[in-house]
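Summary of structural features
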Amino acid sequence: MNIAMFRVKEKKCATCRFWQGYREVEFRGRELFYVKAEAKPAPCMATKAQKTPNGTCFRFAAWEKL
């Protein structure tokens, strides 16, 4: 499995609440630092399309785990 890493402050699909791909959070010390996501397209609930984790769109909303 190919993994992509994104900082939690980035407005990317991997950090958006609507993206449904596999992802998990990573901490550095006690601080939430990265989102690790599988680097392949996955469904987006907001756009009804397949989006890659590094994609962006105007419907971005921060993932509730962040």
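Residues numbered from 1 in each chain as written. Predicted model: local features only at pLDDT ≥ 70, side-chain atom pairs only at ≥ 80, totals over all residues. Heavy atoms only, no water.

Looking at the secondary structure, you find Ala-61 in the segment after strand 5 (49–51). The class of Ala-61 is partly exposed, set by a relative accessible area of 21%. Residues Ala-61 and Lys-11, 50 residues apart in the sequence, show an inter-C-alpha distance of 8.3 Å. Residue contacts for Ala-61: discarding those within four places in its chain leaves Thr-15, Cys-16, Arg-17 and Phe-18. (Helix = DSSP H or I, 4+ residues; strand = E, 2+ residues; numbered from the N terminus. Buried < 20%, exposed > 50% of the residue type's maximum accessible area, 1.4 Å probe, protein only. Contact = heavy atoms within 4.5 Å.)

Strand order in the open sheet made by the 3 strands is 1-3-2, with antiparallel pairing throughout. Edge strands, defined here as strands with exactly one partner in the open sheet, are strand 1 (3–7) and strand 2 (23–28). Neighbour-to-neighbour, the strand axes of this sheet turn through a mean angle of 30°, independent of strand direction. (Pairing = 2+ DSSP bridges. Axes fitted to C-alpha atoms, helices over the stretch in contact; angles between N-to-C directions.)

Quick look at the side chain of Glu-26 now. In this fold, Glu-26 is placed in strand 2. Reaching out from Glu-26, the side chain makes a polar contact with the side chain of Arg-28 at a distance of 3.0 Å. (Polar contact = N/O pair within 3.5 Å; in protein donor to acceptor, adjacent residues only side chain to side chain.)

Moving on, we come to the environment of Lys-12. Mapped onto the elements of the fold, Lys-12 is located in the loop between strand 1 and strand 2. Counting along the chain gives 32 residues from Lys-12 to Cys-44, while the straight-line C-alpha distance between them is 12 Å. Ignoring any residue separated from it by four or fewer positions in sequence, one finds Lys-12 in contact with Phe-6, Pro-53, Asn-54, Gly-55, Thr-56 and Phe-60.

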